[in-house]
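Residues per chain, in single letters:
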Amino acid sequence: MLDGILAILLNPLFYRALISVILISIVASTIGSVIVFRGMSFLVSAIAHSALAGAALAIILDQYNIVKDINPTLGALIFGIAMAMFIGTYGKAEIREQMEIVIGISFALSMSLAVLFISIMREYSTSVWALILGDILLLSIEDVILLAVISIFVSFVFVLFMREFIHIAFDAEGARALGVNVRLYDMLLLILIASSTVVLLRGVGAILIYTVLVIPPAIANISGKHVTDVILKAFIISITSGILGILLSFPLHVAPSALIGIILVCLYIIVATKKRR
C-alpha cells in the first residue's frame with residue numbers, strides 16, 4: 001500500500017498533472033464563477049467544440065505539410081477566441097434570449113467544423129482523441145508551460161477587471177447606466193472564457209470541459225455568502241477533486257478526467273440535496 005503511494009508520488013507524470021490541476025483550478029474558480037453568475041454555462045460547450053475544431057485543423061495542416069509542427073493548442077486558442085468574438089458581436093449581455101440564440105448557433109457551427117475537420121484527416125491520430133477525451137497524465141512539459149502562460153494571463157486580466165466583470169454579471173443595464181462600456185468588457189470576458197477553455201482542453205478533453213469549468217463554482221455558489229467566498233470555495237473544490245481523481249486513476253487504471261467529472265457531479269448532487277432540506 002505504502003509502496004504504491006510512494007510510486008505515484010515519485011512518478012514525474014504525477015507532478016506535471018498536479019501543476020496542471022492547480023492551473024485548471026485557478027481558471028475554474030475565477031472565470032468559471034463569472035460564467036455561473038452570468039448563467040452562460042452553455043457558452044462553455046460552444047467554445048470547447050470550436051477549440052476542438054481549431055485543434056483538428058492544426059493537425060490537418062501538419063498532416064498535409066501545409067504548416068509543419070504547428071501546435072494543436074495554438075489552433076484551439078485561435079478558433080476559440082474567434083468564436084468568442086462572434087458571440088460577443090452578435091449577442092448582447094443584457095438580452096439573455098438573444099445571447100442564448102447566438103450561443104446555440106455558434107455551438108452548431110463549431111460542432112459542424114469539428115466533425116468536418118476530423119473527417120478529412122488522413123488518419124485519426126492519437127492527438128484528436130487526446131483532445132476529445134483528454135488525459136492530464138500525458139501532458140508534456142511544453143503543454144504545461146503553455147497552460148501556465150495562458151492561465152497567468154487569464155488570472156491577471158480577471159483580477160484587473162474583476163469589479164467590472166462582476167457588476168455586468170449581476171446587472172448589465174445598471175453597469176451601462178454608470179458609464180461602464182458593457183460591450184467592451186463583455187467581449188474581453190468572452191475572450192478570457194475562450195482562453196480558459198483551451199487551458200482545460202488538453203487536460204480533460206472537449207467532452208468534460210463543461211464539467212470541470214462550471215461545476216466547482218456551481219457547487220460553491222450554493223453555499224457561498226459573497227463573490228470572494230464563491231471563488232475561494234470553487235478553487236478548493238476544483239483542486240481537491242482534481243488531486244483525488246489523479247490519485248485514484250493509478251490503481252483503477254482509468255482516465256483521471258472521467259474520475260474528476262464523476263467526483264464533481266456526485267459532490268454537486270450531495271450539496272444541492274442538502275441545500276433543499
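Residues numbered from 1 in each chain as written. Predicted model: local features only at pLDDT ≥ 70, side-chain atom pairs only at ≥ 80, totals over all residues. Heavy atoms only, no water.

Moving on: the overall build of the chain. When you go through the chain residue by residue, the secondary structure sums to twelve helices and zero strands. Each helix (α) and strand (β) of the chain, taken in turn from the N terminus, gives the series α-α-α-α-α-α-α-α-α-α-α-α. The C-alpha radius of gyration computed for the chain amounts to 19 Å, which stays within 12% of the reference 19 Å derived for 277 residues, consistent with globular compactness. Among the 277 residues that make up the chain, the fraction classed as buried is 49%. Put simply, of all contacts in the chain between residues at least 6 apart along the chain, 76% involve residues at least 24 apart. Carbon and sulfur atoms make up 71% of the accessible area of the chain, which totals about 13300 Å². (Helix = DSSP H or I, 4+ residues; strand = E, 2+ residues; numbered from the N terminus. Rg over C-alpha atoms; globule rule 2.2 N^0.38 Å. Buried < 20%, exposed > 50% of the residue type's maximum accessible area, 1.4 Å probe, protein only. Contact = heavy atoms within 4.5 Å. Areas by Shrake-Rupley, 256 points an atom, 1.4 Å probe, with all protein chains shown as cover.)

With that settled, consider the packing of aromatic side chains. One pass over the full model with this rule turns up seven aromatic pairs. With a centroid separation of 6.1 Å and 80° between ring planes, the pair formed by Phe79 and Phe117 is classed as edge-to-face. Of the two residues, Phe79 sits in helix α4 (residues 72-90) while Phe117 sits in helix α5 (residues 96-119), which places them 38 residues apart along the sequence. Residue classification places Phe79 among the partly exposed positions, given a relative accessible area of 22%. Among the residues examined, Phe117 registers a relative accessible area of 12% and is labelled buried. Taken together, a centroid distance of 6.3 Å and an interplanar angle of 85° make the contact between Phe165 and Tyr185 edge-to-face. Residue Phe165 is located in helix α8 (residues 162-170), and its partner Tyr185 is located in helix α10 (residues 182-223); the two are separated by 20 residues in the primary sequence. (Phe/Tyr/Trp six-rings, centres within 6.5 Å; stacked < 30°, edge-to-face > 60°.)

Another aspect to go through is the pattern of salt bridges. In the structure shown here, the tally under the stated rule is three salt bridges. A salt bridge links Asp229 to Lys233; its shortest N-O distance comes to 3.4 Å. Residue Asp229 and its partner Lys233 are both found in helix α11 (residues 227-252); the two are separated by four residues, about one turn of the helix. In this structure Lys233 comes out as partly exposed when scored by relative accessible area, which is 27%. (Salt bridge = Lys/Arg side-chain N within 4 Å of Asp/Glu carboxyl O.)

Moving on: α10. Since there are 3.6 residues in each turn of an α-helix, residues three or four apart along the chain are aligned in direction. The first and last C-alpha atoms of α10 sit only 29 Å apart over 42 residues, clearly below the 62 Å expected at 1.5 Å per residue. Of all the bends found along α10, the most pronounced is centred on Val204 and spans about 120°. Judged by how many residues are buried, α10 sits mostly within the fold: 33 of 42 residues are covered. (Expected span 1.5 Å × (residues − 1). Bend = angle between axes of the 7 residues up to and from the residue.)

With that settled, consider the side chain of Ser249. Following the sequence through the fold, Ser249 ends up in helix α11. The residues contacting Ser249, other than those within four sequence positions of it, are Leu137, Val254, Pro256 and Leu259.

Its location among the elements puts Asp135 in the loop between α6 (126-133) and α7 (141-160). In this structure Asp135 comes out as partly exposed when scored by relative accessible area, which is 21%. Expressed as a C-alpha distance, the spacing of Asp135 and Val204, which sit 69 residues apart in the sequence, is 5.9 Å. When near neighbours in sequence (up to four residues on either side) are disregarded, Asp135 contacts Ala130, Arg202, Gly203 and Pro256.

Burial in α8 covers these residues: Phe165, Ile166, Ile168 and Ala169. Along the axis of α8, the buried residues cluster in a sector spanning 165°; they form a single face. Structural note: α8 exposes Arg163 and Phe170 on the side pointing more than 90 degrees away from its buried face. Among the structural elements, α2 (12-38), α7, α9 (172-177), α10 and α11 are those in contact with the buried residues of α8. (Arc of directions from axis to C-beta.)

What follows is about the packing of α4 against α10. Where α4 contacts α10, the two axes come as close as 8 Å, and the packing angle between them is 150°. Taken together, the axis directions place α4 and α10 in an arrangement best described as roughly antiparallel. With respect to the hand of their crossing, α4 and α10 are arranged in right-handed fashion. Across the interface between the two elements, Thr73, Ala76, Leu77, Gly80, Ile81, Ala84, Met85, Ile87, Gly88 and Thr89 of α4 pack against Arg183, Met187, Leu190, Ile191, Ala194, Ser195, Val198 and Leu201 of α10. Within the contact of α4 with α10, the residues separate by chemical class into twelve nonpolar, five polar and one charged. (Axes fitted to C-alpha atoms, helices over the stretch in contact; angles between N-to-C directions. Parallel < 35°, antiparallel > 145°, perpendicular 65-115°, else oblique. Left-handed = near helix turned anticlockwise from the far one by under 90°. Nonpolar A, V, L, I, M, F, W, Y, C, P; charged D, E, K, R; others polar.)

Take it as geometry only, folks, not as evidence of what the structure does.
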